[in-house]
Amino acid sequence: MPAASPDQTLTPHSDAAFLDAMSALAGGVCVVTSTTADGRPVGFTSTAVMSLSRDPRLLAIGVGRHSRTLPFLLETGRFALNVLHAGGEDVSRRFADSGADRFGDLDWEQADDLPLLGGHSSHMMVCRVQQDVPAGDHRLIIGLVEKVLPGLGHVAGSLVYLGRDYHPLRHPAEFGGGS
């Protein structure tokens, strides 16, 4: 949905005003993966991810209450956060499409009993669910990071979502920053 034009009235309490404001926040694009009890891979795209604590290493992800992945994530108590590299737009779209065969012909691997998207990620984090907090129409899942792994795209930069569109960002070392 495009930004409201000056002749459109957005009340401070309207959903459109809220969504427009939230579209101004850049979010790193990730795919959260887990498994069913019988080991079938499941996952979804998310930009609702944040670092929560360094000691212990905690992160938080927002998951829609009606997500098909949520029950499996809670049942197994484990998930992987795959931080997509700059070229990961197609993977993000696949995992955002509820009708897609998300893992079908995708290059992925099973490690630590979780599906990992190493070839599409800059980094992957293996997590154990520490807390499940109801939050409106979502659940806030707090995960203890057990392992951080580099993906094959760890120097390819990052993919962010801003203004309702994808934007690849170069790795900071490519433009003189970072290490």
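Structure: above.
These lines cover the structure that appears in this document, whether it is placed above or below.

Calculation notes
Note on numbering: residues in each chain are counted from 1, in written sequence order. The predicted origin of the model limits local features to residues at a pLDDT of at least 70 and limits the giving and counting of side-chain atom pairs to 80 or more, whereas totals for whole chains, interfaces and linings rest on all residues. Water and hydrogen atoms were dropped before computing side-chain values, which therefore reflect all heavy atoms in the structure. Patch criteria: residues need more than 30% relative accessible area and no salt bridge. Like-charged residues are merged within 9 Å; nonpolar side chains of Val, Leu, Ile, Met, Phe, Trp and Tyr are merged within 5 Å. Here the open area of atoms and residues is found with the Shrake-Rupley method and a 1.4 Å probe, where only the protein chains shown may cover a residue. One speaks of a salt bridge when a side-chain nitrogen belonging to Lys or Arg is within 4 Å of a carboxyl oxygen belonging to Asp or Glu. Helix and strand assignments come from DSSP, with helices taken as H or I runs of at least 4 residues and strands as E runs of at least 2, each series counted from the N terminus. The buried label goes to any residue with under 20% of its type's maximum accessible area, the exposed label to any with over 50%, and the partly exposed label to all in between, with areas taken from a 1.4 Å probe on protein chains only. Aromatic rings from Phe, Tyr and Trp, taking only the six-membered ring of Trp, are treated as a pair when their centres fall within 6.5 Å; an angle between ring planes under 30 degrees marks them as stacked, one over 60 as edge-to-face, and anything in between as tilted. For a lysine, the NZ atom is tested; for an arginine, the CZ atom; a charge sits over a ring if that atom is within 6 Å of the ring centre and within 35 degrees of the ring normal. Whether two strands pair comes down to DSSP finding at least two bridges between them. By nonpolar core is meant a set of buried Ala, Val, Leu, Ile, Met, Phe, Trp, Tyr and Cys residues that side-chain atoms within 4.5 Å join together. Whether two residues touch is decided by their heavy atoms; if any such pair falls within 4.5 Å, the residues are in contact.

**Points about a nonpolar patch on the surface**
Step number 1: A contiguous nonpolar patch, built from Phe 18, Leu 19, Met 22 and Leu 25 and spanning about 410 Å² of accessible area, is present on the exposed surface.
Step number 2: Tracing the backbone through its elements, the reader meets Met 22 in helix 1 (residues 15-22).
Step number 3: When its relative accessible area of 40% is taken as the criterion, Met 22 is described as partly exposed.

**Some points on the pattern of salt bridges**
Step number 1: By the definition in use, this model includes 7 salt bridges.
Step number 2: Residue Asp 20 pairs with Arg 164 through a salt bridge whose shortest N-O separation is 3.7 Å. With Asp 20 in helix 1 and Arg 164 in the loop between strand 11 (158-162) and strand 12 (165-169), this residue pair connects regions lying 144 residues apart in the sequence.
Step number 3: Ionic pairing is found between Arg 128 and Glu 146, a salt bridge with its closest N-O pair at 2.7 Å. Taken as a pair, Arg 128 in strand 9 (residues 121-135) and Glu 146 in strand 10 (residues 138-150) lie far apart in primary sequence, 18 residues in all.
Step number 4: Taking relative accessible area as the criterion, Arg 128 reaches 34% and is therefore assigned partly exposed.
Step number 5: When its relative accessible area of 38% is taken as the criterion, Glu 146 is described as partly exposed.
Step number 6: When salt bridges that share partners are traced, they join Arg 78, Arg 128 and Glu 146 into one network.

**Focus on the packing of aromatic side chains**
Step number 1: Scanning the model with the defined rule gives 3 aromatic pairs in all.
Step number 2: On the basis of an interplanar angle of 90 degrees and a centroid distance of 5.1 Å, the ring pair of Phe 95 and Phe 103 is categorised as edge-to-face.
Step number 3: When its relative accessible area of 1% is taken as the criterion, Phe 95 is described as buried.
Step number 4: Judged by its relative accessible area of 8%, Phe 103 is buried.
Step number 5: Centre to centre, the rings of Tyr 161 and Tyr 166 are 5.0 Å apart; their planes meet at 70 degrees, and the pair counts as edge-to-face.
Step number 6: One aromatic cluster is present, built from ring pairs that chain together Phe 95, Phe 103 and Trp 108.
Step number 7: For Arg 40, the ring lying beneath its charged end belongs to Phe 72, and the centroid distance is 5.8 Å.

**Points about the pairing of strand 12**
Step number 1: In the sheet, strand 11 pairs with strand 12 via 5 bridges, with the strands oriented antiparallel. Bridge pairing in strand 12 places Tyr 161 opposite Tyr 166.

**A few points about the nonpolar core**
One broad trend across soluble globular proteins is that nonpolar side chains are buried collectively.
Step number 1: Ranked by size, the top nonpolar core spans 15 residues in total, and within it Val 32, Leu 59, Ile 61, Phe 79, Leu 81, Met 125 and Ile 141 carry the most contacts.
Step number 2: Mapped onto this core, the elements with two or more residues apiece are strand 2 (30-35), strand 5 (58-64), helix 2 (70-76), strand 6 (78-84), strand 9 and strand 10.
Step number 3: Setting aside anything within four residues of it in sequence, one finds Val 32 in contact with Val 42, Gly 43, Phe 44, Ser 46, Ile 61, Leu 73, Phe 79, Ala 80 and Leu 81.

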